[in-house]
Amino acid sequence: MSKLELKSVSFKYPRGKRMIFQNVSESFESGRLTTVEGESGAGKSTLLTLLSGLALPTKGELLMDGEPIRDLTDYRRNIAATIAQANHLFEGRTVLENVTYPMLLKGTDPQTARQKALAYLADVKLDEELATHYPSECSGGEQKRVAFARAMALDNPVILADEPTANLDKGTSRVIADILESLAHERGRLVIAVTHDDLLPERADVRLYLRGGVLEHE
Ligand SMILES: Nc1ncnc2c1ncn2[C@@H]1O[C@H](COP(=O)(O)OP(=O)(O)OP(=O)(O)O)[C@@H](O)[C@H]1O
Ligand SMILES: [Mg+2]
């Protein structure tokens, strides 16, 4: 069982005027799907930035299994996998190459990486024929699923998703919700998703609401 913790975290952007978070403490556990809701500008994406290890708290700290995270590069590569709202797929690489890339970086041999990538693409219900397409040749929902397959291929225990169902139709949103649920419940990952719609919170084990710089339990 892993546990990711924010301990008395306050945060202000270097060029920002206000504190986005004020003394926030919260813990997240593996095997659970947590959703974070809140109004636009409340700081949801900023929260994921902190949990992804892309920014450091102004005050307080981020702990993994009770230990402060000191090596952010290692944390970003081996612990947290983030699916950004804009997906950030590699445009010059095919769908298959997008998914194999993080595995090759970690030293997986190309044949195994390819097999695993095809299995992950099947998990997110993407047709095998799409594997040779470039991201620009995929629909928005397909691109989102490629981003999920790529994040899953990292095999990291923490999965963070920023508005994973934004701009998707109901059917595709349900596929994404199924993936998030199965990552938490069947694969034991620690899953946190920021969202605006009702679908994900309905399936969540823990529902949080970000309001006035503080995380509240629903
Ligand atoms: N790099 C930055 N420098 C200064 N302020 C920033 C920066 N990035 C975001 N902000 C501000 O921080 C606040 C929180 O932004 P954030 O993107 O986390 O909100 P959000 O809850 O994700 O909103 P949305 O639902 O619209 O995506 C906003 O007021 C925003 O203007
Ligand atoms: Mg946001």
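To keep things clear, this report deals only with the structure shown in the data block. Small disclaimer: the values here were computed from a predicted structure and weren't measured.

### Some thoughts on the site of ligand 1
Phase 1: Taken together, the neighbourhood of ligand 1 is formed by 13 residues, with S40, G41, K44, S45 and T46 sitting nearest.
Phase 2: A distance of 3.1 Å separates an oxygen atom of ligand 1 from a polar atom in the side chain of R18.
Phase 3: Taking T46, its side chain carries an N or O atom lying 2.5 Å from an oxygen atom of ligand 1.
Phase 4: Protein burial of ligand 1: of its 640 Å² of free accessible surface, 61% is covered by the chains.
Phase 5: Split by residue class, the shell around ligand 1 holds three nonpolar, six polar and four charged.

### A few points about the packing of aromatic side chains
Phase 1: What the rule picks out here adds up to two aromatic pairs.
Phase 2: With centroids separated by 4.9 Å and ring planes inclined at 80°, the aromatic side chains of F11 and Y13 adopt a geometry described as edge-to-face.
Phase 3: Since its relative accessible area comes to 4%, F11 is described here as buried.
Phase 4: Owing to a relative accessible area of 36%, Y13 belongs among the partly exposed residues under this scheme.
Phase 5: Ring centres 4.9 Å apart and planes at 70° place the aromatic pair F90 and Y101 in the edge-to-face group. Separated by eleven residues along the polypeptide, F90 in the loop between β6 (80–83) and α3 (95–105) and Y101 in helix α3 bring together distant segments of the chain.
Phase 6: Residue classification places F90 among the partly exposed residues on the basis of a relative accessible area of 30%.
Phase 7: Sitting above the plane of the F90 ring, R93 keeps its charged end 5.5 Å from the centroid.
Phase 8: Note that R150 overlies the ring of F90, its terminal NZ or CZ placed 4.8 Å from the centroid.

### Considering the sheet that holds strand β7 (residues 158–162)
Phase 1: With mixed pairing, the six strands of this open sheet are ordered in space as β6-β7-β8-β3-β9-β10. Because the sheet does not close on itself, it has two edges, and the strands there are β6 and β10 (214–217). Strand-to-strand twist of the sheet, defined as the mean angle between neighbouring strand axes without regard to direction, takes the value 20°.
Phase 2: In the sheet, β6 pairs with β7 via four bridges, with the strands oriented parallel. In the sheet register, A80 faces β7, and the bridge partner there is V158.
Phase 3: Contacts from helix α1 (residues 44–51) reach β3 (33–37), β6, β7, β8 (190–194), β9 (206–211) and β10, with the element oriented near 155° to β7.

### Brief notes about the packing of α3 against helix α4 (residues 110–123)
Phase 1: The interhelical angle for the contact between α3 and α4, taken along N-to-C directions, is 125°, at an axis separation of 9 Å. Accordingly, the angle class assigned to the pair α3 and α4 is oblique. The way α3 lies across α4 gives a crossing that is right-handed. Note on element contacts: α4 touches α3 through P110, A113, R114, K116, A117, L118 and L121, opposite V95, L96, V99, T100, M103 and L104.
Phase 2: Residues belonging to the contact of α3 with α4 are distributed by class as follows: ten nonpolar, one polar and two charged.

Cut-off values and rules
Residues numbered from 1 in each chain as written. Chains lettered and ligands numbered in written order. Predicted model: local features only at pLDDT ≥ 70, side-chain atom pairs only at ≥ 80, totals over all residues. Heavy atoms only, no water. Near = heavy atom within 4 Å. Polar contact = N/O pair within 3.5 Å; in protein donor to acceptor, adjacent residues only side chain to side chain. Areas by Shrake-Rupley, 256 points an atom, 1.4 Å probe, with all protein chains shown as cover. Nonpolar A, V, L, I, M, F, W, Y, C, P; charged D, E, K, R; others polar. Phe/Tyr/Trp six-rings, centres within 6.5 Å; stacked < 30°, edge-to-face > 60°. Buried < 20%, exposed > 50% of the residue type's maximum accessible area, 1.4 Å probe, protein only. Helix = DSSP H or I, 4+ residues; strand = E, 2+ residues; numbered from the N terminus. Lys NZ or Arg CZ within 6 Å of the ring centre and 35° of its normal. Pairing = 2+ DSSP bridges. Axes fitted to C-alpha atoms, helices over the stretch in contact; angles between N-to-C directions. Contact = heavy atoms within 4.5 Å. Parallel < 35°, antiparallel > 145°, perpendicular 65-115°, else oblique. Left-handed = near helix turned anticlockwise from the far one by under 90°.

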